[in-house]
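Residue-level listing of the chains:
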Amino acid sequence: MWKKIYRPHSIIVTILIFAFIGFLELIRLNTHFLDPFNHGIQEYEITDIVYTQLGQENTTVDTNIRLVHIGDVDRAELAKVIDRLSEAGAKVIGVDVMLDGQKSEDSDTLLQQSIIRANNVVLASELYDLQEKEKRFIGLTSADSMFASHATLGYVNFPANHTKTIRFFSPWERIQGDTAYAFSMAVLEKYSPKAFDEVLKRKKELEKIHYRGNRYSFISTPKEIVLDTTVDLSGIFDQKIVLVGYVAEKESENPLRDRFYTPLNQDYAGKSIPDMFGVVIHANIISMSMENRFIREIPSWVTWVITILFCYANVFFIHGIYAKFHPAFHGITRSLQLIECMVIFFIIGFLFYYFRVQIDFGAGILSLLLAYDIIMIYESLFLKKLPFLQRIKDNF
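Residues numbered from 1 in each chain as written. Predicted model: local features only at pLDDT ≥ 70, side-chain atom pairs only at ≥ 80, totals over all residues. Heavy atoms only, no water.

Residues of the chain with pLDDT of at least 70 account for 86%, and the chain-wide mean is 86. Across residues 31-43, confidence stays below pLDDT 50; counting only partners more than four residues off in sequence or on other chains, it has 15 contacts. (pLDDT = per-residue confidence, 0-100. Contact = heavy atoms within 4.5 Å.)

This brings us to a nonpolar patch on the surface. A cluster of nonpolar side chains, namely Ile339, Val343, Phe346, Ile347, Phe350, Tyr354 and Phe355, defines an oily patch on the protein surface of about 720 Å² accessible area. Mapped onto the elements of the fold, Ile347 is located in helix H14 (residues 329-355). (Patch = residues over 30% accessible without salt bridge, like charges linked within 9 Å, V, L, I, M, F, W, Y side chains within 5 Å. Areas by Shrake-Rupley, 256 points an atom, 1.4 Å probe, with all protein chains shown as cover. Salt bridge = Lys/Arg side-chain N within 4 Å of Asp/Glu carboxyl O. Helix = DSSP H or I, 4+ residues; strand = E, 2+ residues; numbered from the N terminus.)

With that settled, consider unusual backbone geometry. Backbone phi values are negative for most residues with the exception of glycine, while trans is the configuration of most peptide bonds. Unlike most non-glycine residues, Lys203 shows phi in positive territory, near 55°. Following the sequence through the fold, Lys203 ends up in the loop between helix H9 (193-201) and strand E9 (207-208). For Lys203, a relative accessible area of 69% corresponds to the exposed category. (Buried < 20%, exposed > 50% of the residue type's maximum accessible area, 1.4 Å probe, protein only.)

Moving on, we get to the pairing of strand E8 (residues 178-181). Examined bridge by bridge, strand E7 (residues 172-175) and E8 share four bridges and lie antiparallel to one another. Pairing of Arg174 across the sheet is with Thr179, part of E8. (Pairing = 2+ DSSP bridges.)

For helix H5 (residues 75-87), which comprises 13 residues, the first-to-last C-alpha distance of 18 Å matches the rise-based estimate of 18 Å (1.5 Å per residue) to within 8%. Inspection of H5 places Arg75, Leu78, Ala79, Val81, Ile82, Asp83, Arg84 and Leu85 among the buried residues, and these make up the whole buried set. Structurally, the start of H5 carries an N-cap: the backbone nitrogen of Ala76 is 3.2 Å from a side-chain oxygen of Asp74. In the segment just after H5, Gly89 is the residue with positive phi, at about 95°. (Expected span 1.5 Å × (residues − 1). Polar contact = N/O pair within 3.5 Å; in protein donor to acceptor, adjacent residues only side chain to side chain.)

All right, on to the packing of helix H13 (residues 300-324) against H14 then. As a packed pair, H13 and H14 sit with axes 9 Å apart at the nearest point and diverge in direction by 155°. Taken together, the axes of H13 and H14 are roughly antiparallel relative to one another. Crossing of H13 over H14 shows right-handed handedness. The segment H13 lies against H14, with Phe310, Asn314, Ile318, Ile321 and Tyr322 engaging Phe329, Ile332, Thr333, Leu336, Glu340 and Ile344. The residue makeup of the contact of H13 with H14, split by class, is eight nonpolar, two polar and one charged. (Axes fitted to C-alpha atoms, helices over the stretch in contact; angles between N-to-C directions. Parallel < 35°, antiparallel > 145°, perpendicular 65-115°, else oblique. Left-handed = near helix turned anticlockwise from the far one by under 90°. Nonpolar A, V, L, I, M, F, W, Y, C, P; charged D, E, K, R; others polar.)

What follows is about the environment of Gly101. Along the chain, Gly101 falls in the loop between strand E2 (92-95) and helix H6 (105-118). Look at Gly101 and you get partly exposed, because its relative accessible area is 32%. Remark: the alpha-carbon pair of Gly101 and Ser145, spanning 44 residues in sequence, is separated by 8.5 Å. Sequence-distant contacts of Gly101, that is, excluding residues within four places in its chain, are made with Arg75, Asp144 and Phe147.

As structure tokens, then:
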């Protein structure tokens, strides 16, 4: 059996393919030469198609989370919103608004008193100055102390690349000697300590977000209705998580405020407009955590073993085609690559959609695409120029 699958030239070509992939990675890390190419690879995953084409069809509304679109609210109005939500029985009120500094004494006092009365408010903060070696942040920009001292703080930063495609969230971060929790985690701790503990038990510095859906996957209420004293809000907000932030219905309402790119962007091939508000991303994280819908990622060593075996199998068969069907080599090989790519896309999408299993198979796909060209280079250049390679027999 071993003699049938052992082909020295195929092993050499496989090594050359991964050496070339390593060379490309080295260039990517040390120069900006391939930035446009790398940008496309970083911003696109096969599972994005699952989100955009299939994910929205079976999405149900999360009834435990409510969103309140605050718009351009002043602090006096925000105080009234918090009072109304508290009176309606909201279990947790997360305010995704930076309350840095003091404005006017009257409005600030009103807001402070509302936060004190509610006694269940989570306020937004922001991490700054990451120290990469120590893996910690220098500090936290939080709400003014007159508000922060009566509420729980949670940072609203998302780990992302330079174009802010949000695929992960960081449950906690180190600040000096202390631990700070993400905004979504701070809200979750107040609502469900058990779910909060389950996230911590996973011990993941970065947790991949399994998106439930866009803002229509959560019930949203404008501040005007919340402030309308003729409306009974208890049926809407009683014992619910309420996230207060910017969730504009109309694109004309400052469409780029607090918006990010996500895998749900319909224009996944070339994301031009950020598709999701920050408060909706927080809602997705909380929903995922409460329902234990975490993405299952294959360990990297398993992925690499599969990738190497996959690459060798392709080189083995393509090399055999080159030896036995040389005149038709190009057509057969290209057809095989196309069919394999389609099958790989289907398998990755199937595993993610039905089992929440995600495989990072970029290197495997790249090895498949390179196999034809590397074999041609090996046969026409290396094999003809290096006599010792000619003495190696593959016995095809």
